[in-house]
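# Topology and contacts: notes
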Amino acid sequence: MKCGIRQASSLATALAVATLLTACGTSTQSSGTTSTSASGANSLVAAKAQVAQFSANPAFTAPGPAIDAKKTAGMTVFNIPESSSNAFLQGVDAGAQAAAKAAGMKWTEYQNSGTPNEWVSGIQQAISQHANVILLNSILGSAVQPALLAAKAAHIPVVIEHLYDKSYALPPNVSAFEYGPFNQAAQLEAQYTAVNSNGRANVLIVQSNDFPPSVPQTNVITSELHQLCPSGCKITTVNVPSTEWATKLQSTVQTQLTSNPGIDYVIPLYDSMTEFLLPGIEAAGKATSVKIVTYNGTPSILKYISQQNVVVADVGENPAAIGYSAMDQVFRVALNLPVNAGNTNPIKIFDASNIAEAGTPPALGQGYGNAYEAGFLKLWGLS
């Protein structure tokens, strides 16, 4: 999830955003969280295996039965991103548009600056243009309910991509969701932290409760660390709303590190928070003793890993693969087929051992392999 909605716009990205052994070059990632049922050292062994699994390129897992996407040729998908200026969402849209083109489906892109009024206007335009499917890229369903009702009345299905984990409460009047792996990413952050600290981490979790995934993600991290730490990891949690990142993240983190000098890991739930809190770590004199583990795979944050500068791990997502995954739902609803049940977003842990795979310097969407593309094209009868 890349964070905002203009600072709530980065959620799109902040809500905005993985497998077997690296030596094998293959992967069998799961799309949900996996419990490490044993406690203590045995759990750490299982967590270490999970970290290794998700540090390799992800394999493709079909999200549903094969379909004939060529039957959507000539139909129109009307795409509305949460904000047209968001680089992560641009990558998602590029992937979705490539998938639509492969099937011969027409693509209409609605440019906007990230306001609910614009989203509503976009849905109204899609209705007036008789689009076959409306695709909302990281837009809260609760923010556009009257417009969703209008689309439903016009018999135009709506797909929301990436904003919701499949374990969350979902908004009504939406035909299908392309789910984001927010809870799974949170679990991997906790597992990496526990393994990296040998079960002795003193963790500061920095959350933003104005983002829907924030509280569930924090709960997953906390629960996982409690299971994994034989001697008990220490956990402190602070909440900084996205609208206050620029003004309060630095001072909040600095205060926490000063008052609790034992903290040695900081987990900002989303990459977009990192640039704001890094100065707080430096001002507290902790740049050489505190490690950051975060989520999204933003190139500017991955660069810190390659520089060995505070950030030690980042659970990343391939935006183009998110777009392909969303189009799987679009094709299914356009053809009046049952939707698929879960996401197939490839996620991958980047750290010093594999950061070179993300490029030099790291690039958006690089380092995940392309199994998703070949897998989806075959699933859709397009290869």
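Residues numbered from 1 in each chain as written. Predicted model: local features only at pLDDT ≥ 70, side-chain atom pairs only at ≥ 80, totals over all residues. Heavy atoms only, no water.

## Regarding unusual backbone geometry
For the bond from Thr-360 to Pro-361, the omega torsion is 0°, close enough to zero to count as cis. Within the secondary structure layout, Pro-361 lies in the loop between β11 (347-350) and α12 (371-379). Phi at His-162 takes a positive value of approximately 75°, unusual for a residue other than glycine. Looking at the element boundaries, His-162 is found in the loop between β4 (158-161) and β5 (176-178). (Helix = DSSP H or I, 4+ residues; strand = E, 2+ residues; numbered from the N terminus.)

## Quick word on the sheet that holds strand β10 (residues 311-317)
Taken together, the six strands give an open sheet; going across it, the order is β7-β6-β8-β9-β10-β11, and neighbouring strands pair in mixed fashion. A single partner strand is all that each edge strand has here, and the edge strands are β7 (234-239) and β11. Across the sheet, the mean angle separating the axes of adjacent strands is 15° when strand polarity is ignored. Running at roughly 160° to strand β9 (residues 291-296), helix α6 (residues 182-196) makes contact with β6 (202-207), β8 (265-268), β9, β10 and β11 of the sheet. (Pairing = 2+ DSSP bridges. Axes fitted to C-alpha atoms, helices over the stretch in contact; angles between N-to-C directions. Contact = heavy atoms within 4.5 Å.)

## Considering the pairing of strand β1 (residues 76-81)
Of all six residues that make up β1, six are buried, and the element is covered over most of its length. Alternating residues of β1 divide into Thr-76, Phe-78 and Ile-80 and Val-77, Asn-79 and Pro-81, and every residue in both groups is buried. Both β1 and strand β2 (residues 106-109) contribute to a ladder of four bridges, which runs parallel. The residue bridging Val-77 from the neighbouring strand is Trp-107, located in β2. At this point the chain moves from β1, through helix α3 (residues 87-103), to the parallel β2, and the crossover so formed is right-handed. One ladder, built from five bridges, connects β1 with strand β3 (residues 133-137); its direction is parallel. Across the sheet, the residue bridging to Pro-81 is Asn-137, located in β3. (Buried < 20%, exposed > 50% of the residue type's maximum accessible area, 1.4 Å probe, protein only. Right-handed = clockwise from strand over helix to strand, strands pointing away.)

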